[in-house]
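So you can see what is in the structure, the chains are spelled out below.
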Amino acid sequence: MTRRRHVILGLAGSALLPSVFMAGCASTIGMRGPAFTPPVIFVHGNGDNSGLWQTTIWRFESNGWPADRLFAGDMPFPLARDEDQKAQSGRSSTREQRDFLAAEVKRVLLETGADKCVLIGNSRGGYAIRDYIANGAGRETVSHVILGGTPNHGVWSLPGYKEGSEFSGTGPFLTALNKPEHPGDPEATPGIRWLTIRSDNNDKYAQTTGEFIGLAGKPTGITTEGPALTGATNVVLPRVDHRETAFSPMAFDAMWRFLTGSAPATTAVIAEVHPVLQGMVTGRGASSIDATSGNFVNNQPLEGAKLEIWQTDPATGARMGREAFSTLIGRDGHWGPFTANSAATYEFVVSAPGYTTTHVYRSALPRSTRHLNFRPERLAPALRSEGGAVVLLSRPRGYFDRQRDSIMFDGSAVVPGVPPTGAGVSLSTLRLADARTRTVVGRFNDEQIAGQTWPVADGNVTLLELTY
């Protein structure tokens, strides 16, 4: 069996990387213009949506990859079933995910006229990619695969423990996926160029003990090498968390080098003056502001929702001038286009029957996007009855790590719900007794967002959503 090749990347060693990647990827992609540049399809993870790829797509564009060759789909029910072979409302099987991806690849190849595409997946999205290649048409339609943080050997690997889950390393799904087709074959399907990106020790789903999966202090049967595959180039990034294996600047750097054989010109996002913003408004089921945070989300269109956009004072979050944009969401869930100012900050207000009016504050958005997606919140009834205000600080493309990051929420370094060690939480909930409107600021390393509080008794919640 082919040995796993590990390349440890850090900023200090970046000068050594081009030769490493050229040696590990004999067939690189030359950037010679749209006709020669294959389409890239980004595949999101468990419970996520295409919006998480926004910054990665911006980085590809900033380095010259044509915008019309970059695609990201939204799997309708992105959460995995508890047991893969048992139907579960609002959740999807591995087969359904694979079939959705197959349809996406077919659509993109028809649209672009390309023979093959590149597939880039995060976490569970990597399962759909591997399944499509092993059991679908992927051998004929895919040239390169990049997997960021995909738990290729399971989140746990314990015989007899929840083996019906697709995340079980000893369950039928991963056992079949990791079994070589022929004796001596690697785990990564031959004939395709493979890259895996993992953390050295900070991925919550690649740990020897199960603090983040309900098995605190107990062995998982998994090591930090769990995302690696034999037959792939396996890159290790220092201290990144589970999501940052796909969405961080370091992950983008690894992707670009693997695909092109050279370093990117920049890992920053090059701003446009007047970016054009559009996206989707989708729904969620149970309250997301409780112990079941993130459960029951979906990517189904939220028809009848309303989206308003207001320009804000970046220092206070207060509205400036008249409403800049307003629309009702139709049957397809899409909104836009809205032409913005890349130097301006905005408040996005999402309201819908049965949902909490969600006031989303973001940093200035530097580039155009088709993936500025929103899911309005649902507040637990108990929170509304308590009065005051509720403010959320969310980091969709990574987790909070107090040992690694500088974090402030409403002037305090003690961020509610964020443990002193580990990178396993991406949402903090601040409950304020006073309902009077005031500014609340969230800061994560170099990014700072200011928003305004809104009375929870009137069915409002404030969301400070980090971009980076």
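Being a predicted model, the structure only gives us computed values, none of them experimental.

**Focus: the overall build of the protein chain**
Across its full length, the protein chain carries nine helices and 23 strands. For 468 residues, the compact-globule formula gives about 23 Å, and the C-alpha radius of gyration of the protein chain, at 22 Å, lands near that figure. With the principal axes as the frame, the protein chain shows a C-alpha extent of 65 × 50 × 45 Å. When the 468 residues of the protein chain are sorted by exposure, 56% land in the buried category. Across the protein chain, the 45 positively charged side chains and the 44 negatively charged ones have centroids separated by 2 Å.

**Quick look at the sheet that holds strand S21 (residues 439–444)**
The pairing of strands in a sheet comes from backbone hydrogen bonds and takes either a parallel or an antiparallel form. The antiparallel open sheet is built from three strands, whose spatial order is S19-S21-S22. If you trace the sheet from one side to the other, it starts and ends with strand S19 (407–409) and strand S22 (447–452), each paired once. Strand-to-strand, the axes of this sheet are offset by a mean angle of 15 degrees, without reference to chain direction. Strand direction decides the pairing type here: S21 and S22, joined by six bridges, are antiparallel. Opposite Val441, over in S22, you have Ala450 as the bridge partner.

**Some words on unusual backbone geometry**
Cis geometry is adopted by the peptide bond preceding Pro337, which originates at Gly336 and carries an omega value of 10 degrees. Positive phi values are uncommon outside glycine, yet Ser123 reaches one of about 55 degrees. As for its placement among the helices and strands, Ser123 is situated in the loop between strand S4 (117–122) and helix H4 (124–135). With phi around 55 degrees, Asp410 is a residue other than glycine that occupies positive phi space. If you trace the backbone, Asp410 turns up in the loop between S19 and strand S20 (427–432).

**A short note on the side chain of Ser92**
On the secondary structure map, Ser92 appears in the loop between strand S3 (70–72) and helix H3 (94–112). Side-chain polar atoms of Ser92 contact the side chain of Arg124, separated by 3.0 Å. Ser92 has contacts with Phe77, Pro78, Leu79, Ala80, Arg81, Gln97, Arg124 and Glu166, leaving out every residue within four places of it along the chain.

**Some thoughts on the packing of H3 against H4**
Packed helices, taken two at a time, are described by the angle their axes make and the gap between the axes. Their axes nearest at 9 Å, the elements H3 and H4 cross at an angle of 75 degrees. As far as their axial angle goes, H4 and H3 are roughly perpendicular. Touching Thr94, Gln97, Arg98, Leu101, Ala102 and Val105 of H3 are Arg124, Ala128, Ile129, Asp131, Tyr132 and Asn135, all from H4. Of the residues in the contact of H3 with H4, the class split is six nonpolar, three polar and three charged.

**Observations concerning the packing of aromatic side chains**
Counting across every chain of the model gives 18 aromatic pairs. Look at Phe338 and Tyr346: their rings are 5.6 Å apart centre to centre, the planes differ by 90 degrees, and that puts the pair in the edge-to-face class. The same class applies to Phe338 and to Tyr346, which are both buried. An aromatic cluster is defined as three or more aromatic residues linked by ring pairs; in this entry it consists of Phe42, Trp53, Phe60, Trp65, Phe247, Phe252 and Trp256. Directly above the aromatic system of Trp310 lies the positively charged group of Arg319, at a separation of 4.1 Å from the ring centroid. Geometry around Tyr355 places Arg378 over its ring, the cationic atom sitting 4.0 Å from the centre.

What counts, and where the lines are drawn
Residues numbered from 1 in each chain as written. Predicted model: local features only at pLDDT ≥ 70, side-chain atom pairs only at ≥ 80, totals over all residues. Heavy atoms only, no water. Helix = DSSP H or I, 4+ residues; strand = E, 2+ residues; numbered from the N terminus. Rg over C-alpha atoms; globule rule 2.2 N^0.38 Å. Buried < 20%, exposed > 50% of the residue type's maximum accessible area, 1.4 Å probe, protein only. Lys, Arg positive; Asp, Glu negative; His and termini not counted. Charge placed at Lys NZ, Arg CZ, Asp CG, Glu CD. Pairing = 2+ DSSP bridges. Axes fitted to C-alpha atoms, helices over the stretch in contact; angles between N-to-C directions. Polar contact = N/O pair within 3.5 Å; in protein donor to acceptor, adjacent residues only side chain to side chain. Contact = heavy atoms within 4.5 Å. Parallel < 35°, antiparallel > 145°, perpendicular 65-115°, else oblique. Nonpolar A, V, L, I, M, F, W, Y, C, P; charged D, E, K, R; others polar. Phe/Tyr/Trp six-rings, centres within 6.5 Å; stacked < 30°, edge-to-face > 60°. Lys NZ or Arg CZ within 6 Å of the ring centre and 35° of its normal.

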